[in-house]
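# Analysis of the macromolecular model
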Amino acid sequence: MPDIRSFSNRTLILLSNREPYEHRHGEMGIDVRRPPGGLVTALDPTMQATDGVWVAWGSGSADAEMADHEGRLRVPPGEDGFTLRRVFLTDAEVDGYYMGFSNRSLWPLCHMLVQHFEYRTDYWNMYQEVNAKFAHAVADEVRRSPQKPIVWIQDYHFALAAEMLRELAVPALIHQFWHIPFPPADILRLLPTGVDEALLRGLLGNDLVEFHTERYALNFLGCVAELVPEAEIDADTLAVHYDGRRIDVGIFPISIDVERYEQLASTPESTALVERLRKRYASNGQRLGLGVDRVDYTKGIPERLRALCELWERHPEMRETFTFLLVATPSRSELPAYRALEEEMLATVIEINERFKTETWHPIVLVHENVSADMLAGAYRAADLCLISSLQDGMNLVAKEFIACQTEERGVLVLSRFAGASEEIDGAVLINPFNLDGFVEGIRRALHMSEGERRVRMHRMRRQLHDRTIFDWLAAVLTRAQDIIAEREPESGVA
Ligand code: ADQ
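It should be emphasised that the depicted structure is a prediction, and the values quoted were computed from it without experimental measurement.

Cut-offs used in this document
Residues numbered from 1 in each chain as written. Predicted model: local features only at pLDDT ≥ 70, side-chain atom pairs only at ≥ 80, totals over all residues. Heavy atoms only, no water. Pairing = 2+ DSSP bridges. Helix = DSSP H or I, 4+ residues; strand = E, 2+ residues; numbered from the N terminus. Axes fitted to C-alpha atoms, helices over the stretch in contact; angles between N-to-C directions. Domains from an automatic or database assignment. Contact = heavy atoms within 4.5 Å. Buried area = accessible area lost by both parts, 1.4 Å probe. Salt bridge = Lys/Arg side-chain N within 4 Å of Asp/Glu carboxyl O. Polar contact = N/O pair within 3.5 Å; in protein donor to acceptor, adjacent residues only side chain to side chain. Expected span 1.5 Å × (residues − 1). Buried < 20%, exposed > 50% of the residue type's maximum accessible area, 1.4 Å probe, protein only. Arc of directions from axis to C-beta.

## Structural notes on the sheet that holds strand 6 (residues 82-87)
Sheet architecture is open: ten strands sit in the order 5-6-4-1-7-8-9-12-11-10, paired in mixed fashion. The sheet terminates laterally at strand 5 (72-75) and strand 10 (232-234), the two strands that pair on one side only. In this sheet, neighbouring strand axes are inclined to one another by 20° on average, regardless of whether the strands run parallel or antiparallel. Where strand 11 (residues 239-242) lies against strand 12 (residues 245-251), four bridges are found, and the strand directions are antiparallel. Residue pairing for strand 12: H241 is matched across the bridge by R246.

Encoded structure:
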């Protein structure tokens, strides 16, 4: 693996919506929280080694008082690793840019779930204003940087930031990772004429745009070909020629900190949970299934519950012998579509349990909260089957976490073919969540799979995952960025 910490004397300036450390007023004073997920952990060493700057929305109630008058502070708290630059937003900005255009317009559109797509001019106006606000903060950090910087933008909240940085004449290589699917042109065109094009021109402000899969990269190129008339596409090398520049498009499937999950699955706490879960639900040949999600309409939770209901209906021998543990964490509850989904999920679980329960058994055990990482790891390790039924999903890290925690190699991964992970992982039982009969059969197949086949498949997936951790992902992205600089530097003067 290339050494990503020695970054040829460059400073990494990262822009993301979520901040790596958030300060909140708690009962005992001010608490600091880190968002779940491996990105912060993976980036920490690089940020520290390059004395980087992380620019993000200061969303915590005590964020302002912990930072200086420009929103800057050194993190991790109590250490002197790198700078966090918090950008503070008004309620109207959060409503329009984050809740509005990001989560009501772009999120459903990119996941091709057009029934949830909403567009309002004021969302779009606020998205442009807030992207400009963040771009100015990044530009300011670039100017302050004592070393040559590389700017790395994260995700769909900032589709316009790269172009804005270019207009501000920021002397840095700019690249962007898009964490969610990228839709084909027929879907992107549901945005008002001109808005679709503006988003693409915004992204073409980058020197490199990164996606999880080839499918998303080709969709992006297809959109550019159709909606940006003067751009020239080179589909063989995955590049766009535009505005006198070359924009590279790269494929970098994200992953997890595999060793950390393996260790979490073996702590005394998670081992105790494994023993409890196996004893309660998986002794005497019984089986335990597992689902882990943010409650989001992209994850196919109602479709999964329908398939489970059909399974118990059509195959009575599965009653009392197969229990499903659903770990579902509430998400984006401010939005009506998410509240409606929560209600539907809760009602369906009650209905299924009422229908099939016996004196000693409930088919679905619902844990309706955010659970700690080692409890999650214990549940992954204990399960005989993990069901992922996304209607669309950029990658889906739950799939990889399950594989990492399956240290006994007993479980089967049942995976939607609409999750990016399905294009990478070799060894899952693939299902289509829109095909009820096929979905039910997929679950049955997983439950009837021989121990030998389960082991061979899980072993293969675990080997594969060990070769593709989040550190490999990070190294691959940053190496590509450096290669582009090396190619261009003599003649283009980049950075
Ligand atoms: P998400 O849509 O959030 O991410 P995903 O990749 O599945 O989707 O990650 C969810 C994370 O939340 C996992 O780390 C999981 O462990 C955690 N989680 C879920 N439910 C939980 C619970 N009840 N308690 C505790 N933790 C829970 C977006 C894209 C994805 C893409 C990632 C990374 O939508 O497609 O894989 O970014 O690029």
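## Notes on the domain arrangement of the protein
Here the domain parsing of the protein yields domain 1 (5-254 + 471-488) and domain 2 (260-467). Summarising the inter-unit geometry, the C-alpha centres of domain 1 and domain 2 are found 31 Å apart. Taken residue by residue, the interface counts 20 residues in domain 1 and 22 residues in domain 2. Between domain 1 and domain 2, the buried area comes to about 1,700 Å², and carbon and sulfur atoms account for 60% of it. Counting the surface domain 1 buries against domain 2, the share from its top three residues, W107, L113 and I254, is 27%. One can count one salt bridge joining domain 1 with domain 2. Salt-bridge contacts for E423 lead to R215; the nearest nitrogen and oxygen are separated by 2.7 Å. For the pair domain 1 and domain 2, the interface holds seven residue pairs in polar contact (both at pLDDT 80 or more). For the side of domain 1 that touches domain 2, the elements supplying multiple residues, two or more each, are helix 3 (91-110) and helix 8 (214-227). Take the side of domain 1 that touches domain 2: its biggest share by element is five residues, from helix 3.

## Description of helix 12 (residues 336-356)
Side chains that are three or four residues apart share a direction in an α-helix, a result of its 3.6 residues per turn. An ideal rise of 1.5 Å per residue puts 30 Å on 21 residues; helix 12 measures up with 30 Å between its terminal C-alpha atoms. The set of residues buried in helix 12 consists of Y338, L341, E342, M345, T348, V349, I352, N353 and F356. The arc enclosing the buried residues of helix 12, seen along the axis, measures out at 135°, which places them on a common side. What points out from helix 12, more than 90 degrees from its buried face, is the exposed set E343, I350, E351 and E354. Summarising the contacts, the buried residues of helix 12 are in contact with helix 3, helix 11 (301-314), strand 14 (322-329) and strand 15 (364-367).

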